[in-house]
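Spelled out from the first residue to the last, the chains are:
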Amino acid sequence: MDEIRNIIIQVETLKAEKKFSDSIAQLQKALTKYSDDYRLYEELADIYLYMSDHNKAMAALDFALTLNPDSATGNYLKGFILLGEDKINEAISYLEKSNKLFGNNAEVLRNLGWAYTMSNQHDRGITILKRALNISPEDELITEDLAMALIGTGDIAGWNKLLKKIGKTPSTQS
């Protein structure tokens, strides 16, 4: 399995260089030899997400989750895509599963907290977003999501405080 790990590292390097076609080609070649390794399909899905091709990303994820339904990464990515498609309840189920498998991951918690906020479960969403921010206190995306969740509950002071923290202009209301 060391070879799979090496392939993934090489693909990650290519992704960082925005060489998406090369990444896909390398994964397709690897899949001819390791067609039963779910991680390669997750990498393929991640590349398609970078390329904003959610249909191909979802197809790769569905295959990865067929091979390993208990993949924390696969469940997270599927929840992330579903959240972006406003399929909130479906997203929550995948993000919850990812959180159980991959606990205390700030990015999983950020998306889970936002999903709960979007489903009008503001208190639960805010609690989860605060937990994410405690884990990753400098993360601006978590801070922004928490600020938006707070304004959704009418907590303008909390919203202003968080926006000031990340250098954004807060509301003049109080």
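Residues numbered from 1 in each chain as written. Predicted model: local features only at pLDDT ≥ 70, side-chain atom pairs only at ≥ 80, totals over all residues. Heavy atoms only, no water.

Chemist: What exactly am I supposed to notice about the packing of helix H2 (residues 20-33) against helix H3 (residues 38-50) here?
Modeler: Interhelical geometry of H2 versus H3 gives an angle of 160 degrees and a closest axis separation of 10 Å. Here H2 is positioned roughly antiparallel relative to H3, judged by the angle of their axes. Pair H2 / H3 crosses with left-handed handedness. Here H2 contributes Phe20, Ser23, Ile24, Leu27, Ala30 and Leu31 to the contact with H3, which in turn contributes Leu40, Tyr41, Glu43, Leu44, Ile47, Tyr48 and Tyr50. Grouping the constituent residues of the contact of H2 with H3 by class yields eleven nonpolar, one polar and one charged. (Axes fitted to C-alpha atoms, helices over the stretch in contact; angles between N-to-C directions. Helix = DSSP H or I, 4+ residues; strand = E, 2+ residues; numbered from the N terminus. Parallel < 35°, antiparallel > 145°, perpendicular 65-115°, else oblique. Left-handed = near helix turned anticlockwise from the far one by under 90°. Contact = heavy atoms within 4.5 Å. Nonpolar A, V, L, I, M, F, W, Y, C, P; charged D, E, K, R; others polar.)

Chemist: What is the right way to look at the packing of aromatic side chains in this model?
Modeler: Aromatic ring pairs are defined here through the distance separating the ring centres and the angle between the ring planes. This model, assessed by the stated rule, comprises three aromatic pairs. Between tyrosine 41 and phenylalanine 63, the aromatic rings sit 4.6 Å apart at their centres with planes inclined by 55 degrees, giving tilted as the arrangement. Placement of the pair is tyrosine 41 in helix H3 and phenylalanine 63 in helix H4 (residues 54-67), with a sequence separation of 22 residues. The class of tyrosine 41 is buried, set by a relative accessible area of 12%. Between the aromatic rings of tyrosine 76 and phenylalanine 80, the centroid separation amounts to 6.1 Å while the plane-to-plane angle is 35 degrees, which identifies the pairing as tilted. Within this pair, tyrosine 76 and its partner phenylalanine 80 are both found in helix H5 (residues 72-84), separated by four residues, close to a single helical turn. Residue classification places phenylalanine 80 among the partly exposed positions, given a relative accessible area of 31%. (Phe/Tyr/Trp six-rings, centres within 6.5 Å; stacked < 30°, edge-to-face > 60°. Buried < 20%, exposed > 50% of the residue type's maximum accessible area, 1.4 Å probe, protein only.)

Worth remembering: the numbers are spatial, not functional.
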